[in-house]
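Spelled out, the chains give:
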Amino acid sequence: MTIIDPSQVPSRKGSNYPDRFKPVVAGREKKRLGEAAGLKNFGVNLTTLSPKSHSALRHWHTKQDEFIYVLSGELTLITDAGESILQTGQAAGFPAGEADGHCLYNHTDEVATYLEIGDRTPHDSATYPDDDLIAIALDQGWQFTHKDGTPY
């Protein structure tokens with residue numbers, strides 16, 4: 001058993017998105033707790049979202065499931081259906097293959113934190129319905145292309 005002190009896990013800010021999309025998530029900071037525990041089949045991130053920041057561009061995955069659990073603060077979940085408020089202690093799940101783009105936004109003036117859990121099913125891709133962006137999971141990481149397949 002590995003006991004993890006999140007304060008000792010390095011933080012990762014920003015994103016591996018193409019440069020033009022990076023400002024959207026500039027206020028997001030992740031601590032890879034699952035990686036710190038040596039997990040290989042799924043990831044667990046302790047994510048901090050600054051006020052007026054997004055968790056990601058609105059997206060959905062073809063193969064990988066995602067789940068979030070709000071630890072503190074209030075977040076707005078944005079999906080095809082519109083906006084819903086998630087408060088401390090609430091959760092949401094995003095099954096693979098459901099073409100309903102989602103992201104979180106911190107509309108408040110307070111920092112919010114949540115756990116982000118996702119599997120690592122190979123051959124995944126993500127579609128970003130509001131942006132000219134597709135992500136394809138390769139062995140060496142995510143490759144980003146325009147919707148017509150042209151690489152960024």
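In this report, we go over the structure that sits alongside the text. Since the structure is predicted, the reported quantities are computational estimates derived from the model, not experimental observations.

Attention now goes to the layout of surface pockets. There is about 1100 Å³ of room inside the largest pocket. As for the largest pocket, its lining consists of 42 residues, and the residues nearest its centre are Lys30, Asn45, His61, Gln64 and Trp142. Residue assignment for the lining of the largest pocket shows that the elements contributing at least two residues are strand E2 (28-32), strand E3 (42-49), strand E5 (66-72), strand E9 (103-105), strand E10 (112-119), strand E11 (125-128), strand E12 (133-138) and strand E13 (141-145). With five residues, the single largest contributor to the lining of the largest pocket is E10. When its residues are assigned to classes, the lining of the largest pocket shows 18 nonpolar, 13 polar and eleven charged.

The subject of this paragraph is the environment of Lys147. With respect to the helices and strands, Lys147 occurs in the segment after E13. Accessibility expressed as a relative area gives 43% for Lys147, which makes it partly exposed. Separated by twelve residues in sequence, Lys147 and Ala135 have C-alpha atoms that sit 9.4 Å apart. Not counting chain neighbours up to four residues away, the residues in contact with Lys147 comprise Tyr128, Pro129, Asp131, Asp132, Leu133 and Ile134. A polar atom in the side chain of Lys147 sits 2.9 Å from the backbone oxygen of Asp131.

Our next topic: the environment of Gly27. Its location among the elements puts Gly27 in the loop between strand E1 (11-13) and E2. On the accessibility criterion, Gly27 (18% relative accessible area) is buried. Sequence separation between Gly27 and Gly14 is 13 residues, and the spatial gap between their C-alpha atoms is 7.3 Å. Those residues in contact with Gly27, other than ones at most four positions away along the chain, are Thr48, Leu49, Ser50 and Ser53.

About the cut-offs
- Residues numbered from 1 in each chain as written.
- Predicted model: local features only at pLDDT ≥ 70, side-chain atom pairs only at ≥ 80, totals over all residues.
- Heavy atoms only, no water.
- 1 Å grid on protein atoms, 1.4 Å probe; cavity = no way out; pocket = protein on both sides within 12 Å on 5 of 7 lines; lining within 4 Å.
- Points joined across faces, edges and corners; volume = space filled by probe spheres on them.
- Helix = DSSP H or I, 4+ residues; strand = E, 2+ residues; numbered from the N terminus.
- Nonpolar A, V, L, I, M, F, W, Y, C, P; charged D, E, K, R; others polar.
- Buried < 20%, exposed > 50% of the residue type's maximum accessible area, 1.4 Å probe, protein only.
- Contact = heavy atoms within 4.5 Å.
- Polar contact = N/O pair within 3.5 Å; in protein donor to acceptor, adjacent residues only side chain to side chain.

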